[in-house]
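Next come the chains, spelled out residue by residue.
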Amino acid sequence: MADRIVDPWGDRTPYGPDEQWPSRVDEHVEAQDVDRWVQSASILHSNGDAMDIAVKDGRIVGVRGRAADRVNRGRLDPKDLYGWQANTSPDRLTRPLVRQDGRLTETDWDTAMDRIVARSRELLRGPGGWGHFGFYTSGQLFLEDYYTLGVIGKAGIGTPHMDGNTRLCTATSAAALKASFGADGQPGSYADVDHCDAIALWGHNVAETQTVLWMRMLDRRHGPNPPAMLAVDPRTTPVAREADVHLAVRAGTNLALVNGLLRELLHRGWYDQAYVDAHTLGFEELQKTVDAYPVRRVAEICDVKAADVERAAELLGTSQRLLSTVLQGFYQSNQATAAACAVNNIHLVRGMIGRPGAGILQMNGQPTAENTREAGADGDLPGFRNWDNPEHIRELAELWNVDEATIPHWSPPTHAMQIWRYAEQGSIKLLWISATNPAVSLPELARIRRILAKEDLFVVVQDLFLTETAELADVVLPAATWGEKLGTFTNADRTVHLSEKAVDPPGEARADLDIFLDYARRMDFRDRDGAPLIGWTGPEEAFEAWKRCSAGRPCDYTGLTYDKLRGGSGIQWPCTTDAPEGTERLYTDATFATDPDYCETYGHDLTTGAEFTADDYRAKEPGGRAFLHATDYQPSPEVPDDEYPLLLTTGRTVYHFHTRTKTARAPQLDAAAPDVWVELHPEDAARAGIEEGDLVGVASRRGGIEARARITGIRPGVIFVPFHYGYFDVSPEDRTPRAANELTLTAWDPVSKQPLFKVAAVRVAKLAGRE
Ligand SMILES: Nc1nc2c(c(=O)[nH]1)N[C@H]1C(S)=C(S)[C@@H](COP(=O)(O)OP(=O)(O)OC[C@H]3O[C@@H](n4cnc5c(=O)[nH]c(N)nc54)[C@H](O)[C@@H]3O)O[C@H]1N2
Ligand SMILES: Nc1nc2c(c(=O)[nH]1)N[C@H]1C(S)=C(S)[C@@H](COP(=O)(O)OP(=O)(O)OC[C@H]3O[C@@H](n4cnc5c(=O)[nH]c(N)nc54)[C@H](O)[C@@H]3O)O[C@H]1N2
Ligand SMILES: [Mo]
């Protein structure tokens, strides 16, 4: 087998259009004679690669891909091959901690939970007590955990202040799907890679972030009749190098580009008038808006060659089966929702949705982000219900047997950035953080650390390790994780996988579901008839309860059971008695989820974020048609000036996952990328007298970091810093600032409320020569 650190994608298995992707089983096991293999799927990205966990003497000793699975046919990502070693790391949290005289001290579960419950009861006592609670969760727990947390928050406490780090991740995916098609839910399927004749990657470095999906794309590119490829990314990523057309746009100008591409498609007749007339709304407005984006103007705004924009339009316009994927280069950049909807527009005007090869993947990032959204742990209502639709509230009240008034629905759910603002201002007094590390991952870290350290904010952190965030908590709960607990999760193309428990968690660590259930029991949440609000005691019962909640909604799970998910491949929702094997693609009959009684949102103005009312929405009479949204380009809230002349963008490397709590504990991955760096274009580097390997200071209006220089093919005027590097593995006295989020700004998209991690104005200076 190839060295997957040196060659992350391994050997090619080429195939042609409409053929089945060949299987290739990847494996890394660090023991002889494995006792047993236990079924699971990847937890280190959103691709949903199915794998078996190797167990020997009660310990995880390796993994191998599952050849029968529709998602990966046996292949695994480098992070998955090695990342499981974090489970066995000696510095796992094994006992709860509570803050005692200013220091975190080990204690037992009763003491830790009693502290949380005492504080909760005290806060709930007054009127509007729910307003003091904030829950900030993850895209890395399991479906059963989220649904339980959602019921606790919405029907137990009744707070609208719930969100996940999914807000930082794929809030824009959800927002764009709702805005264009009426509800969240991925239209496309990974199998579209097998059938397409063109692939457009919009701000998505899929080669490093969903390596197995990239293997599938590469295998098509190496087979007969390969698909054409377009990459839109300011950096020369592996995707950009492979693509036939690479548009290295100036960060923050995506919408201008896509508007220009749409104009070309319309002007050159590369669209499907019959589809537009029958299945969409808003075409004339769109035509008018994009007409202001001739190629020359777009080339100027985005700083790319006009001829390349024309080539990109031709690639898109002449394809017969176009697959688009969209991710953080759009979602975390300027005008995120409008730009993501503009990609949906391309597919709608070309009628390229809902058939093999013609698909949209508004991607997820985290392994279980889909479940956070569908189960309502991100503040949205479970089952993609509409907070503004009284009938949807009634359904939930009936299901949970609680008063409608308990379920927060008087305004949109509070988004994460606003939750942090309330904590800063002091109205949120209890913040429960599960499976996320905001002290490294949120923008403007100095501010986040200040909030976490506030005396009047009671912070609960539920994690595997003593992270930068846990260090500042009042109570730390040691959690069990993947391989140590049972549950399900759903990937970016709606494939549901079961993940079995392979080994026991270390020490007294507990499964997240058990922690939430314990809290509910101790709080004694009751329904309208005085029965326990939460009637389930384990994962499978929680799954069955969730199935009832999902019935009749776009994410219908009623045809799935744990047993059905055992043995073979993962299965795509909706899965019902009518579609017992799941559903490959949504909107195959071009009927979209826009009916006013069914849709998840009544929509927003994409420029200002202003909400439309039910009456506004009904007046449009969508009748199952999709919305074409027309929005003008506006520059980013922070653009370079004399003082901060460069644009900072941030992102990922193939070797690390987020704040590295798992990947830095896997020796192969840690060694491959041990410390932070900054990528600069040769001209920008020369201007500052910086050479390869020099120590560079990067400063913004919020703070500064130090990083080693890499001179790369990034576009001029833009620099890149990976956001993985925090401080947990550096001793307190050596904590030189190095987290990219010391630099980023507190600003978000008006519709999805996703923070703008991809654009900030900075300056650079050489601090020292290479080591
Ligand atoms: N190895 C690895 N894989 C991961 C993860 C990880 O941490 N490590 N995390 C997972 C998660 S949660 C997520 S969300 C995904 C993210 O997956 P991606 O979105 O692919 O990753 P990023 O590196 O954040 O951003 C993608 C690209 O956006 C480009 N970009 C920056 N600014 C702009 C812009 O203004 N316009 C355009 N068009 N492009 C821009 C960057 O140069 C970068 O190459 O990855 C998932 N997979
Ligand atoms: N500058 C910049 N910032 C970014 C981004 C960017 O591109 N640029 N990307 C953003 C995106 S897309 C994302 S998704 C976020 C990610 O940001 P975070 O969510 O903060 O990153 P992680 O390191 O994945 O944190 C997950 C935490 O959960 C813990 N954990 C893992 N498994 C379990 C479990 O089973 N149970 C419990 N209780 N805990 C568990 C881990 O130890 C870890 O501490 O970062 C965002 N921040
Ligand atoms: Mo993410």
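What you are looking at is a predicted structure, and each value in this text was computed from that prediction instead of being measured.

Our next topic: the layout of surface pockets. By volume, the largest pocket is sized at about 500 Å³. Secondary-structure elements contributing two or more residues to the lining of the largest pocket are α4 (166–169) and α5 (171–181). No other element matches the five residues that α5 contributes to the lining of the largest pocket. By residue class, the composition of the lining of the largest pocket is 12 nonpolar, eight polar and 11 charged.

A few words on the site of ligand 2. Inspection of the region around ligand 2 gives 34 residues, with Asn165, Asn437, Ser441, Asp463 and Thr659 positioned closest. For ligand 2, a nitrogen atom lies 2.9 Å from a polar atom in the side chain of Thr650. His658 is positioned with one of its side-chain polar atoms (N or O) 2.8 Å from an oxygen atom of ligand 2. Contact with the protein chains covers 99% of the free accessible surface of ligand 2, which is 920 Å². Elements that contribute at least two residues to the shell around ligand 2 include exactly α4, β16 (458–463) and β22 (646–651). When we break the shell around ligand 2 down by domain, the ones giving at least three residues each are domain 1 (97–169 + 370–547) and domain 3 (646–768).

A cis amide bond links Trp573 with the next residue in sequence, Pro574, at an omega value of -5°. One can find Pro574 in the loop between β20 (571–572) and α25 (614–619). The phi dihedral of Gln335 is positive, around 50°, even though this residue is not glycine. Locating Gln335 in the fold gives a position in the loop between α15 (328–331) and α16 (336–349). Exposure remark for Gln335: the relative accessible area of 12% places this residue in the buried category. Even without being glycine, His658 reaches a positive phi, approximately 50°.

Quick look at the sheet that holds strand β19 (residues 495–499) now. Here three strands make up an open sheet; going across it, the order is β18-β19-β20 and the pairing antiparallel. Because the sheet does not close on itself, it has two edges, and the strands there are β18 (487–490) and β20. Sheet topology note: the β18/β19 ladder contains four bridges and is antiparallel. When the sheet's bridge partners are listed, Thr490 is paired in β19 with Val496.

Okay, the domain arrangement of the protein next. One can read the domain layout of the protein as domain 1 (97–169 + 370–547), domain 2 (172–363) and domain 3 (646–768). Placing a centre on the C-alpha atoms of domain 1 and another on those of domain 2 gives a separation of 35 Å. Counting from both sides, the interface comprises 10 residues of domain 1 and, opposite them, 17 residues of domain 2. Here domain 1 meets domain 2 over a buried area of about 980 Å², counting both sides, of which 40% is carbon and sulfur. Sorting the residues of domain 1 by area buried against domain 2 places Arg373, Ala492 and Asp493 first, and these three jointly supply 45% of that buried surface. Put simply, domain 1 and domain 2 have two salt bridges between them. Our count for the domain 1 to domain 2 interface comes out at eight residue pairs in polar contact (both at pLDDT 80 or more). For the side of domain 1 that touches domain 2, the elements supplying multiple residues, two or more each, are α4 and α17 (369–375).

In the neighbourhood of ligand 1, 33 residues make up the surrounding shell, with Thr209, Asp233, Ser333, Arg652 and His656 lying closest. Between ligand 1 and the protein, one listed contact pairs an oxygen atom with a side-chain N or O atom of Arg652 at 2.7 Å. Contributions of two or more residues to the shell around ligand 1 are made by α7 (206–209), α15 and β22. At three residues, the largest contribution of residues to the shell around ligand 1 is made by α15. Residues of the shell around ligand 1, tallied by class, amount to eight nonpolar, 19 polar and six charged. Two domains share the shell around ligand 1, each providing at least three of its residues, namely domain 2 (172–363) and domain 3 (646–768).

Attention now goes to the sheet that holds strand β8 (residues 162–164). One open sheet holds the seven strands; their spatial order is β6-β5-β17-β16-β15-β7-β8, and the pairing between them is mixed. Strands with a single pairing partner mark the edges of an open sheet, and in this sheet they are β6 (103–106) and β8. Sheet twist, expressed as the average angle between the axes of neighbouring strands with direction ignored, equals 20°. Summarising the sheet, strand β5 (residues 97–100) and β6 pair through four bridges and their orientation is antiparallel.

By the bridge criterion, three bridges tie β22 to strand β27 (residues 760–768) in an arrangement that is antiparallel. By the bridge assignment, Leu647 is partnered in β27 with Ala761.

Our focus in this paragraph is the packing of helix α10 (residues 254–267) against α16. Two elements in contact, α10 and α16, have axes separated by 9 Å at closest approach and are oriented at 15°. Of the possible angle classes, the one that applies to α10 and α16 is roughly parallel. For the pair α10 and α16, the crossing hand works out as left-handed. Side by side, α10 and α16 meet where Asn254, Leu255, Val258, Leu262 and Leu265 of the first sit next to Ala338, Ala339, Ala342, Val343, Asn345, Ile346 and Val349 of the second. Partitioned by chemical class, the residues of the contact of α10 with α16 number 10 nonpolar, two polar and no charged.

How each quantity is defined
Sequence order as written defines the numbering, with residues in each chain counted from 1. Written order determines the labels here, with chains lettered from A and ligands numbered from 1. Whole-chain, interface and lining totals are the exception, using all residues; otherwise, since this is a predicted model, local features are given only for residues with pLDDT of at least 70 and side-chain atom pairs are given and counted only at 80 or more. Hydrogens and water are ignored here; the side-chain numbers use all heavy atoms of the structure. The pocket and cavity definitions rest on a 1 Å grid over protein atoms only: a 1.4 Å probe that fits but cannot leave marks a cavity, an open set with protein on both sides within 12 Å along at least five of seven lines marks a pocket, and residues lining either have an atom within 4 Å of a point. Grid points are joined across faces, edges and corners, and a volume is the space filled by probe spheres set on the points. Here a strand is any run of E in DSSP of at least two residues, a helix any run of H or I of at least four, and the numbering for each starts at the N terminus. Note on residue classes: Ala, Val, Leu, Ile, Met, Phe, Trp, Tyr, Cys and Pro are nonpolar, Asp, Glu, Lys and Arg are charged, and everything else, Gly too, is polar. To be near a molecule or strand, a residue needs just one of its heavy atoms within 4 Å of it. Between N or O atoms, a polar contact is any pair within 3.5 Å; within protein, one atom must be a potential hydrogen donor and the other a potential acceptor, and residues adjacent in sequence are included only when both atoms are from side chains. The Shrake-Rupley method, run with a 1.4 Å probe, gives the accessible areas here. Residue values count only the displayed protein chains as cover. Each domain's limits were defined by an automated method or a database of domain assignments. When a residue's accessible area, from a 1.4 Å probe over protein chains only, is under 20% of the maximum for its type it is buried; when over 50% it is exposed; and in between it is partly exposed. When DSSP finds two or more bridges between two strands, those strands count as paired. The contact rule is simple, with two residues in contact once any of their heavy atoms fall within 4.5 Å. When two components associate, each loses some accessible surface as probed by a 1.4 Å sphere; the sum of these losses over both components is called the buried area. A carboxyl oxygen of Asp or Glu within 4 Å of a side-chain nitrogen of Lys or Arg is what we treat as a salt bridge. Between N-to-C directions, angles cover 0 to 180 degrees, with each direction set by a line fitted to C-alpha atoms, over the stretch in contact for helices. Orientation categories follow fixed angle ranges, with anything under 35 degrees roughly parallel, anything over 145 roughly antiparallel, 65 to 115 roughly perpendicular, and all other angles oblique. By convention, the crossing between two helices is left-handed when the near helix turns anticlockwise from the far helix through less than a right angle, and right-handed when the turn is clockwise.

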